[in-house]
Amino acid sequence: MVRLFGPLVGLFFAVALLWSFGNGAYNAATQPTPPTAEKLFHMHPKEVAFSFDGAFGTFDKAQLQRGFKVYQEVCSNCHSLKQVAFRDLAQLGYKEAEVKAIAKNWGNKAQTFDPKTGDRGDRPNLPSDHFPPVYYAGQGNPPDLSLIAKSRHGGAQYIHSLLTGYTDQAGYKNEAGEELLKKFPDAKTPDGLYFNPYFANLNLAMPQPLTSDGQVTYSDGTKATVDQMSMDVAAFLTWTAEPKLDKRKQTGWPVLGFLLAATVLAYLAKRNV
Amino acid sequence: MAGDGVRRRDFINIAAVSFAGVGGLAALYPLISQMAPSADVLAESSTEIDISAISPGQAIKAVWRKQPVFIRNLTPEEIKAADAVDVSTLRDPETLEKRTTAGKTNWLITMGVCTHLGCVPLGAGEGEVKGEFGGYFCPCHGSVYDTAARIRKGPAPKNLEVPPHEFSSDTVVKIG
Amino acid sequence: MSFPWANEYKPTNPLMQWVDNRLPLPRFVYNAVGAGYPVPRNLNYMWNFGVLAGFALVLQIVTGVVLAMHYAANAGVAFDSVEHIMRDVNWGWMLRYAHANGASMFFIVVYTHIFRGFFYSSYKAPREMIWLLGVVIFLLMMATAFMGYVLPWGQMSFWGAKVITGLFSAIPLVGTPLQQWLLGGFAPDNAALNRFFSLHFLLPFVILGVIILHVWALHIPGSSNPTGVEVKQESDTVPFHPYYTAKDGFGLGIFLMVYCALVFFAPNLLGHPDNYIPANPLSTPAHIVPEWYFWPFYAILRAFTSDFMFIPAKLMGVLAMFSAILVWFFLPWLDTSPVRSGHYRPLFRKFFYLLVVDVLVLGYCGGAPAEEPYVMISQIASMYYFLHFLVILPIVSSVETPQPLPFSITEAVLGKDEHATLAPATPAVA
């Protein structure tokens, strides 16, 4: 029975697939899918190096503090950071009193609700609070930034590339030398959106956030160029996405070393048998 | 020579098995430690409570670290009753003075957790039984506390615990 | 059952004697994985993967039970509770990464185990029952892994749940009500998340039960071996302990090193960035794919792009995808060659390697976007997949002339066996 019906079923699927293949090939030949602007002009993130790259890389706390400042002064106007608590900032090297002050002076206040009176209000943030929600009424939906570095291909490199990637669409050419608006006249950026070849569909609702050198004043004397600020905030957002990165790698090496020794011993023990 | 070979053999086998044992034990550590309070629970900060509305003789229940806290405004009679007790006769000898902030002895702030098995004693809410010593009465196993929340009768071994607290102002107390 | 020359359990320790007389558990262990279980002496490293799969299941159960102490199966807070595990729970990040990558390791090991079975025809009589139970385990694993991936309630979780339950809507007449019954609603939401959590917790224990049956069935004829020649005599076997316990210990060390390298240095390598975006029922990610271990089957699902006769393309895809696994159930009766091992079957071996490449190609196409040339490649590759099992295998097993088999395992290992002169060197080939 199996040997009778088996080949029949197999041939049935094969013919059905051949049919799909034929239709697909015919369609591909007669009406090929035209290439899209996103496909030809979307850029991969710039290959920049961060201190936390690789199996030995760790966070640079001074850089994270600078990045936090960029987030605080620029990004936090529209983007929330709700998975992170103020107390977590202690990991960036802030003292307890500094964390308290940052929480207390944070622009958006913690929301309160009195279940007895039904009154809603606010109070200053405490270190134990998470970063408060940010409401944004303008165009677009600014995403929460807590996990942005892990939820985008390219992570920190993508964030840096996006922040420094705004450019004039008129006359923009890709690496192959093709001019976007000549090849796709319909791809002109709509009003209210901004052109950025590092963004998946080339146009995003966020205007260029880091526009000029010195936009943020660093307290450690680092020169706040746009490039520097974008690197710092990309590092900071990698930390918010993966705060245990340092601990993870620090744990990993001894574990691997132990396992290597144990495996060698296991091999010798096996040879003994 | 053969003896040496056997010894080396045993050594390797013992070492391999020990490594497996140590590795297994080490792997248990995170599995056990994950049950300890997490960072957000540990960060549960202090609570500030407005006490302006509590008139003498009244008490309120507040919450600190997910547990009830009794805040009681003692009347002069209650203070007198508490001070009249001979401390040396108590199961857990403490004076009211020691259990309150100097200058604010009328504010008795204690955990609302019976030191016997952790029930919430009665006596802080309006109309609740205060027990024969005028303080708190735990309905679970009949522990009776006096006006200074000291254990007087029943199975509880200790006085109601006084949490760390300080007065931020005359009307606000910060617990924790 | 065991071979007549198996060692008998004779405890010298009075405590063990006392226990053994009242509850013969020490005897049971001794006969199952101890010195009382004779195993072919020629097993190669491909025979490590069964034990490793069992280890991976235990790993998943242990880390999973622990994660369930912190996870909240509610659509409103599930995503945040996972982040709570990652940030605030002591060692939570490690436990979650261990569980997520443990699933991948489990599948790597099980796929190797299955393809070992293909090459050495481990499914042939008298081991059909072991094979059938194995396929059941694999199906349960797929269901468990799918539901586990839904739990973090990210974008891929949500859309994975929607698309996979959507497969059932392809069934004529009852499809849409069936999908709504599965989800407990019109789209994945709290009801679906809660039942997936419940079943994700339950199924691993069901898998454990079927594994017990799988190993029980294995102990009836004993392990197969690389020559495919059955055990004939005591010199063909060695006791499981210490020979294979030591070998499995070494294999486990290698497994753990690969696993820990993933967990500590590339924990998100096999995951997908979109699952770090909270579920959003109003926006589908640009490129949705399941986890890598489903890619070959996903490619088969997507390969059917045209209605065939009166059957809609969607239904064809679903039928084919399920058939791609169900066909394994019939393998013992599709491959009728009397020779088991691929080592002695030159033609079969060529097609086997073609199948390996074919499944890798399917996997690659399944992970790629649904556009040309991937769709056309996956159509060709799917075609080969079905032809291989249902047409080529039956034909090959009747036309192929196998190479001569060794008389016994002993002869294969030592080059000679003094019993060999007593019987013909090769069994008659049908």
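The structure presented is a predicted model; accordingly, all values stated were derived computationally and were not measured. (Residues numbered from 1 in each chain as written. Chains lettered and ligands numbered in written order. Predicted model: local features only at pLDDT ≥ 70, side-chain atom pairs only at ≥ 80, totals over all residues. Heavy atoms only, no water.)

Visitor: Mind showing me how you'd approach the overall build of chain A here?
Guide: Looking only at helices and strands, chain A has 9 helices and 4 strands in total. Taken from the N to the C terminus, the helices and strands of chain A come in the order α-α-α-α-β-β-α-α-α-β-β-α-α. Expected size for 273 residues packed as a compact globule is a radius of gyration near 19 Å; at 27 Å, chain A overshoots this value by more than 25%. Expressed along its principal axes, the backbone C-alpha trace of chain A runs to roughly 80 × 75 × 50 Å. Considering chain A as a whole, with its 273 residues, one finds that 43% of them fall into the buried category. Here chain A displays about 14,400 Å² of accessible surface, and carbon together with sulfur accounts for 57% of that area. Here chain A contributes 28 positive and 25 negative side-chain charges, whose respective centroids are spaced 8 Å apart. (Helix = DSSP H or I, 4+ residues; strand = E, 2+ residues; numbered from the N terminus. Rg over C-alpha atoms; globule rule 2.2 N^0.38 Å. Buried < 20%, exposed > 50% of the residue type's maximum accessible area, 1.4 Å probe, protein only. Areas by Shrake-Rupley, 256 points an atom, 1.4 Å probe, with all protein chains shown as cover. Lys, Arg positive; Asp, Glu negative; His and termini not counted. Charge placed at Lys NZ, Arg CZ, Asp CG, Glu CD.)

Visitor: Where do I start with the UniProt feature "binding site: heme c" (unreviewed entry) in chain A in this structure?
Guide: Residues and elements named next belong to chain A. The feature "binding site: heme c" (unreviewed entry), as given by UniProt, occupies Cys-75, Cys-78, His-79 and Met-206 in the numbering adopted here. For the annotated residues, spread through 132 residues, the largest C-alpha to C-alpha distance comes to 10.8 Å, consistent with a single compact locus. Among the structural elements, His-79 can be located in the loop between helix H3 (61–73) and helix H4 (96–105). What Met-206 contacts, discounting residues up to four positions off in sequence, is His-79, Leu-162, Leu-163, Tyr-166 and Tyr-194. (UniProt positions renumbered as here; feature names shortened; annotations may be inferred. Contact = heavy atoms within 4.5 Å.)

Visitor: What exactly am I supposed to notice about the sheet that holds strand S6 (residues 143–146) of chain B here?
Guide: The strands making up a sheet associate through hydrogen bonds between their backbones, and the pairing can be parallel or antiparallel. All names here are of chain B. Pairing is antiparallel in the open sheet, where 3 strands are placed in the order S5-S6-S7. Unpaired on one side and paired on the other, strand S5 (134–138) and strand S7 (151–153) mark the two borders of the sheet. If you compare each strand with its neighbour and ignore which way they point, the axes differ by 35 degrees on average. Strand direction decides the pairing type here: S6 and S7, joined by 2 bridges, are antiparallel. Its bridge partner lying in S7, Tyr-145 is registered against Ile-151. (Pairing = 2+ DSSP bridges. Axes fitted to C-alpha atoms, helices over the stretch in contact; angles between N-to-C directions.)

Visitor: Explanation requested: the UniProt feature "domain: Cytochrome c" (unreviewed entry) in chain A in the structure shown.
Guide: In the numbering used here, UniProt assigns the "domain: Cytochrome c" (unreviewed entry) feature to residues 62–241 of chain A. The distance from the first to the last C-alpha atom of residues 62–241 of chain A is 18 Å, and the span holds 31% helix and 7% strand.

Visitor: Got a minute to help me understand the packing of aromatic side chains in this structure?
Guide: For any pair of aromatic rings, geometry is given as the distance between the ring centres together with the angle between the planes. Residues and elements named next belong to chain C. Per the counting criterion, the structure on display carries 66 aromatic pairs over all chains. For the ring pair Phe-146 and Phe-196, a centre distance of 5.6 Å and an interplane angle of 65 degrees mean the geometry is edge-to-face. Here Phe-146 is found in helix H6 (residues 128–150), whereas its partner Phe-196 is found in helix H9 (residues 190–219), with 50 residues between them in sequence. A residue is classified by how much of its surface remains accessible, and Phe-146, at 15% relative accessible area, is buried. (Phe/Tyr/Trp six-rings, centres within 6.5 Å; stacked < 30°, edge-to-face > 60°.)

Visitor: What am I meant to see in the environment of Glu-230 of chain C here?
Guide: Residue and element names in this part refer to chain C. Turning to its location among the elements, Glu-230 is positioned in the loop between H9 and strand S2 (237–239). For Glu-230 and Ser-408, which are 178 residues apart along the polypeptide, the C-alpha to C-alpha distance reads 7.5 Å. Setting aside residues no more than four positions away along its own chain, Glu-230 makes contact with Pro-126, Arg-127, Asp-236 and Arg-340. At a separation of 3.0 Å, a polar atom in the side chain of Glu-230 contacts the side chain of Arg-127. (Polar contact = N/O pair within 3.5 Å; in protein donor to acceptor, adjacent residues only side chain to side chain.)

Visitor: Is there a simple way to think about the sheet that holds strand S2 (residues 59–64) of chain B in this case?
Guide: Residues and elements named next belong to chain B. Here we have 3 strands laid out as an open sheet, ordered S2-S3-S4, and antiparallel in their pairing. Strands with a single pairing partner mark the edges of an open sheet, and in this sheet they are S2 and strand S4 (107–111). Looking at each pair of strands side by side, their axes are set apart by 25 degrees on average, direction ignored. Pairing between S2 and strand S3 (residues 67–73): 6 bridges, direction antiparallel. Its bridge partner lying in S3, Lys-61 is registered against Phe-70.

Visitor: Quick question: what am I supposed to make of the interface of chain A and chain C here?
Guide: Where interface size is quoted, it is often the accessible area lost as the parts come together. Between chain A and chain C, the residue contacts involve 52 residues of the former and 61 residues of the latter. Across the salt bridge formed by Arg-87 of chain A and Asp-88 of chain C, the nearest N and O atoms sit 3.1 Å from each other. For the side of chain A that touches chain C, the secondary-structure elements that each account for two or more residues are helix H1 (2–30), helix H5 (148–151), helix H8 (226–241) and helix H9 (245–272) of chain A. Examining the composition of the side of chain A that touches chain C, we find that 19 residues originate from one element, H1 of chain A, more than from any other. A class-by-class count of the residues in the side of chain A that touches chain C yields 28 nonpolar, 12 polar and 12 charged. (Salt bridge = Lys/Arg side-chain N within 4 Å of Asp/Glu carboxyl O. Nonpolar A, V, L, I, M, F, W, Y, C, P; charged D, E, K, R; others polar.)

Visitor: What is the right way to read the state of the cysteines from this model?
Guide: Cysteine pairs can be linked by a disulfide, which is a covalent bond between their two sulfur atoms. One pass over the full model with this rule turns up 1 disulfide over all chains. Two residues, Cys-119 of chain B and Cys-140 of chain B, share a disulfide whose sulfurs are 2.0 Å apart. Its S-S torsion of about -105 degrees marks the bond between Cys-119 of chain B and Cys-140 of chain B as left-handed, since a negative value means left-handed. Placement of Cys-119 of chain B in the loop between S4 and S5 and of Cys-140 of chain B in the loop between S5 and S6 is noted, with a sequence separation of 21 residues between them. Given the relative accessible area of 39%, Cys-140 of chain B is considered partly exposed. Between Cys-78 of chain A, a free cysteine, and Cys-75 of chain A, which holds the nearest cysteine sulfur, the sulfur-to-sulfur gap is 9.0 Å. (Disulfide = S-S within 2.5 Å.)

Visitor: Just checking my understanding: could you explain the interface of chain A and chain B for this structure?
Guide: Facing the 11 residues of chain A at the interface are 12 residues of chain B. Taken together, both faces of the contact between chain A and chain B bury some 1,000 Å²; the carbon and sulfur share is 69%. When the buried area of chain A at its contact with chain B is split by residue, Phe-258, Leu-265 and Asn-272 of chain A rank highest and sum to 52% of it. At the boundary of chain A with chain B, the tally comes to 0 salt bridges. At the junction of chain A with chain B, the criterion picks out 1 residue pair in polar contact (both at pLDDT 80 or more). Counted by class, the side of chain A that touches chain B contains 8 nonpolar, 2 polar and 1 charged residues. (Buried area = accessible area lost by both parts, 1.4 Å probe.)

Visitor: What is the right way to look at the nonpolar core in this model?
Guide: In globular proteins that are soluble, nonpolar side chains generally tend to be buried together. Within the largest apolar cluster, 183 residues are counted, with the highest numbers of intra-cluster contacts made by Leu-89 of chain A together with Phe-118, Phe-138, Phe-297, Trp-328 and Tyr-385 of chain C. Residues within four places of Phe-297 of chain C in sequence aside, it is in contact with Tyr-111, Phe-138, Met-142, Met-321, Ala-324, Ile-325, Trp-328 and Tyr-385 of chain C. Residues Ala-59, Ala-82, Leu-96 and Tyr-136 of chain B belong to the second largest nonpolar core, which totals 17 residues. (Core = buried A, V, L, I, M, F, W, Y, C linked by side-chain atoms within 4.5 Å.)

Visitor: Could you clarify how one ought to interpret a nonpolar patch on the surface in this entry?
Guide: A surface patch of nonpolar side chains, amounting to about 630 Å² of accessible area, comprises Met-35 of chain B together with Val-65, Met-69, Phe-201, Phe-205, Leu-208 and Ile-212 of chain C. Tallying contributions element by element places H9 of chain C first for the nonpolar patch, with 4 residues. Within the secondary structure, Met-35 of chain B sits in the loop between helix H1 (2–33) and helix H2 (39–42). (Patch = residues over 30% accessible without salt bridge, like charges linked within 9 Å, V, L, I, M, F, W, Y side chains within 5 Å.)

Visitor: Please clarify how the side chain of Asp-146 of chain B should be interpreted in this entry.
Guide: Residue and element names in this part refer to chain B. Among the secondary structure elements, Asp-146 is positioned in strand S6. The class of Asp-146 is buried, set by a relative accessible area of 2%. A polar contact of 2.8 Å, which involves the side chain of Asp-146, links it to the side chain of Arg-152. Beyond its immediate chain neighbours, meaning those up to four positions away, Asp-146 contacts Phe-133, Gly-135, Tyr-136 and Arg-152.

Visitor: Explain the packing of helix H11 (residues 295–303) of chain C against helix H15 (residues 374–399) of chain C here, please?
Guide: Any two packed helices are characterised by the angle at which their axes cross and by the distance between the axes. Residues and elements named next belong to chain C. It is the contact of H11 with H15, at a shortest axis distance of 9 Å, that shows an interaxial angle of 105 degrees. On the basis of the axis angle, H11 is roughly perpendicular to H15. Listed contacts from H15 to Phe-297, Ala-299, Ile-300, Arg-302 and Ala-303 of H11 are Val-375, Ser-378, Gln-379, Ser-382, Tyr-385 and Phe-386. For the contact of H11 with H15, a count of residues per class yields 7 nonpolar, 3 polar and 1 charged. (Parallel < 35°, antiparallel > 145°, perpendicular 65-115°, else oblique.)

Visitor: Help me understand the pattern of salt bridges in this model?
Guide: Pairs can form between side chains of opposite charge once their charged atoms are near each other. Taken as a whole and assessed by the stated rule, the structure comprises 26 salt bridges over all chains. With its nearest N and O atoms 2.8 Å apart, the salt bridge here joins Asp-129 of chain A to Arg-123 of chain A. Note on Asp-129 of chain A: relative accessible area 15%, which makes it buried. The class of Arg-123 of chain A is partly exposed, set by a relative accessible area of 30%. Residue Asp-170 of chain B is joined to Lys-104 of chain B by a salt bridge in which the shortest nitrogen-to-oxygen separation is 3.0 Å. In this pair, Asp-170 of chain B sits in the loop between strand S8 (165–167) and strand S9 (172–175) while Lys-104 of chain B sits in the loop between helix H4 (96–99) and S4, placing the two residues 66 residues apart along the sequence. When salt bridges that share partners are traced, they join Lys-124, Asp-335, Arg-345 and Glu-400 of chain C into one network.

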